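# Remarks on the overall topology
The chain contents come next:
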Amino acid sequence: MLLLTIICFVALGVQLIYLILFFFAFGGKRKDIVAEPHAVSVIVCAHDEEQNLRELVPLLLKQDHPHFEVIVVEDRCNDGTYDYLLQATKQHAALKMVRVTNKPEHISGKKFGLTLGIKAAKHDWVLLTDADCRPESDLWLRRMTEKYHSETRLVIGFSPYFRRAGLLNSFIRFESFVTGIQFIGLALLGKPYMGVGRNLAYAKALFLDNKGFNRHLAVVGGDDDLFVNQHATAKNTMVQFGREALTFSKPKTSWGEFYHQKLRHLSVGKRYKFSDRFILGLFAITWLISCFLVIPASFFSSFAWWLIGFFSLRSLLLTGLAHLASRKLGDPFEAWKVPILDFIYAFYYLVAGAVALASKKIRWKRN
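This report concerns the structure included in the present document. (Residues numbered from 1 in each chain as written. Predicted model: local features only at pLDDT ≥ 70, side-chain atom pairs only at ≥ 80, totals over all residues. Heavy atoms only, no water.)

## What to know about the overall build of the protein chain
Helices and strands together make up the secondary structure of the protein chain, namely 13 helices and nine strands. Relative to the 2.2 N^0.38 estimate, which gives 21 Å for 367 residues, the radius of gyration of the protein chain is 21 Å and therefore close to what a compact globule would have. The dimensions of the protein chain, computed from C-alpha atoms along their principal axes, are 75 × 40 × 40 Å. Expressed as a percentage of contacts within the protein chain between residues at least 6 apart in sequence, the contacts between residues at least 24 apart total 84%. Summed over its atoms, the accessible surface of the protein chain is roughly 16700 Å², and 60% of this surface lies on carbon and sulfur atoms. (Helix = DSSP H or I, 4+ residues; strand = E, 2+ residues; numbered from the N terminus. Rg over C-alpha atoms; globule rule 2.2 N^0.38 Å. Contact = heavy atoms within 4.5 Å. Areas by Shrake-Rupley, 256 points an atom, 1.4 Å probe, with all protein chains shown as cover.)

Here it is as structure tokens:
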């Protein structure tokens, strides 16, 4: 029992250190570098996304930015996407379509489509988003392209999910927030390790000079986080967040769909750099220990009140961080929901994380 008590204290201590560091990252004053917005090519890959594109493309074309183009990669669509884009490109000079009719067997459709889109871009910077995303404002392009300086090669943005009614939506948004405080927070602390393809910009030369996705062509997914993990450094990476810099994404509507989506995302994490896997793994393992072992251990330990006290402090810090960081990110989260979602998140991570680690290959709906 003494060993279990020690393990619980260590886990709680590690959790407190992480949460305090994230408080420091989001609570400190940022040395914002704001420059004139750079010319940029927005790239969207789409497979059977006609309705989403009819909503998204007008929002992109209305962006308040002096020099940009929108490239939509029509990836072997079976709906009316091609006809819609064919007509729209005739009406808008800033809109371009790139078609994919066949793809090589050794590369996923998303990676192949992005590669073609990036090569077709006329500007030196590309900004990626998905067909089911929506920029929060017409200043999105400006905010994501005003962070460049001479050494910048990547700009990492945040992309939360739309708020809907129900427990599933609350959990999806909470999971997105926890992921956000990790990859945005660590980037602010000088340790960038991933980005999300729903809101990610980088120099076209960075992609071409490093042969694009060549190092992880065999991996299903990873066109965003693995690319960032491979190339991001404290010097070449900037972070942008705040309401005007967000893109919102449509959330899954069933637990099964969400589970399989996150399983794909978690499976890619096995290929991160060792230091990043260690940092993230330590955070996850100590979260699990804190949620599943501390309360049972307190029933048998002579240090029960200390364990409960440290666990309560951790819960207060997590709740406070949800209030502070979510507002800094631009999407306020209901902090009162955190104590409940905390345990659901632990259970979710225990199951999905174990399956993702054990699975040799995760299949996508479409390659």
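## Observations regarding helix H1 (residues 2–27)
Since one α-helical turn is 3.6 residues long, residues separated by three or four positions face the same way. With 26 residues, H1 extends 37 Å between its outermost C-alpha atoms, agreeing within 8% with the 38 Å of an ideal straight helix rising 1.5 Å per residue. Turning to H1, its buried residues are Thr-5, Cys-8, Ala-11, Leu-12, Val-14, Gln-15, Leu-16, Tyr-18, Leu-19, Phe-22, Ala-25 and Phe-26. Of the surrounding secondary structure, the elements contacted by the buried residues of H1 are helix H6 (167–188), helix H10 (274–292), helix H11 (294–298) and helix H12 (304–329). (Expected span 1.5 Å × (residues − 1). Buried < 20%, exposed > 50% of the residue type's maximum accessible area, 1.4 Å probe, protein only.)

## Description of the sheet that holds strand S6 (residues 154–157)
One open sheet accounts for seven strands, arranged S3-S2-S1-S4-S7-S6-S8; its pairing is mixed. Unpaired on one side and paired on the other, strand S3 (95–100) and strand S8 (237–240) mark the two borders of the sheet. Neighbouring strand axes in the sheet, compared pairwise and without regard to direction, differ in orientation by 20 degrees on average. Two strands pair when backbone bridges link them, and S6 and S8 are joined in this way by four bridges, in the parallel orientation. By the bridge assignment for S8, Leu-154 is matched with Thr-237. With respect to the sheet, helix H3 (residues 81–91) is in contact with strand S2 (68–75) and S3, its orientation differing from that of S3 by roughly 150 degrees. Packing against the sheet, H6 makes contact with S6 and S8, and its axis sits at approximately 140 degrees to S6. (Pairing = 2+ DSSP bridges. Axes fitted to C-alpha atoms, helices over the stretch in contact; angles between N-to-C directions.)

## Section: the pattern of salt bridges
All told, the structure shown has 19 salt bridges when counted by the stated rule. Note that Arg-142 and Asp-64 form a salt bridge whose closest N and O atoms lie 3.5 Å from each other. In this pair, Arg-142 is assigned in helix H5 (residues 140–145) and Asp-64 in the loop between helix H2 (50–61) and S2, connecting sequence segments 78 residues apart. Between Arg-173 and Glu-334 there is a salt bridge whose closest N-O contact spans 3.1 Å. Separated by 161 residues along the polypeptide, Arg-173 in helix H6 and Glu-334 in the loop between H12 and helix H13 (338–358) bring together distant segments of the chain. Taken individually, Arg-173 and Glu-334 each receive the classification buried, so the pair is uniform in this respect. Shared partners join several salt bridges into a network, and the residues in it are Arg-163, Arg-173, Glu-334 and Lys-337. (Salt bridge = Lys/Arg side-chain N within 4 Å of Asp/Glu carboxyl O.)

## Describing the pairing of strand S1 (residues 40–46)
The buried fraction of S1 is high, at seven of seven residues. Residues Val-40, Val-42, Val-44 and Ala-46 line one face of S1 and the alternating positions Ser-41, Ile-43 and Cys-45 line the opposite face, and both faces are buried. As judged from the seven bridges shared by S1 and S2, these two strands associate in the parallel manner. Residue pairing across strands places Ile-43 opposite Ile-71, the latter belonging to S2. Crossover handedness for the path S1 to H2 to S2: right-handed. Relative to strand S4 (residues 125–130), S1 runs parallel, the two sharing five bridges. The residue bridging Ser-41 from the neighbouring strand is Val-126, located in S4. (Right-handed = clockwise from strand over helix to strand, strands pointing away.)

## Brief notes about the packing of aromatic side chains
Throughout the structure, instances matching the rule amount to 30 aromatic pairs. For Arg-99, the ring lying beneath its charged end belongs to Tyr-82, and the centroid distance is 4.0 Å. The ring of Trp-287 has Arg-314 lying over it, and the distance from NZ or CZ to the ring centre is 5.0 Å. (Phe/Tyr/Trp six-rings, centres within 6.5 Å; stacked < 30°, edge-to-face > 60°. Lys NZ or Arg CZ within 6 Å of the ring centre and 35° of its normal.)

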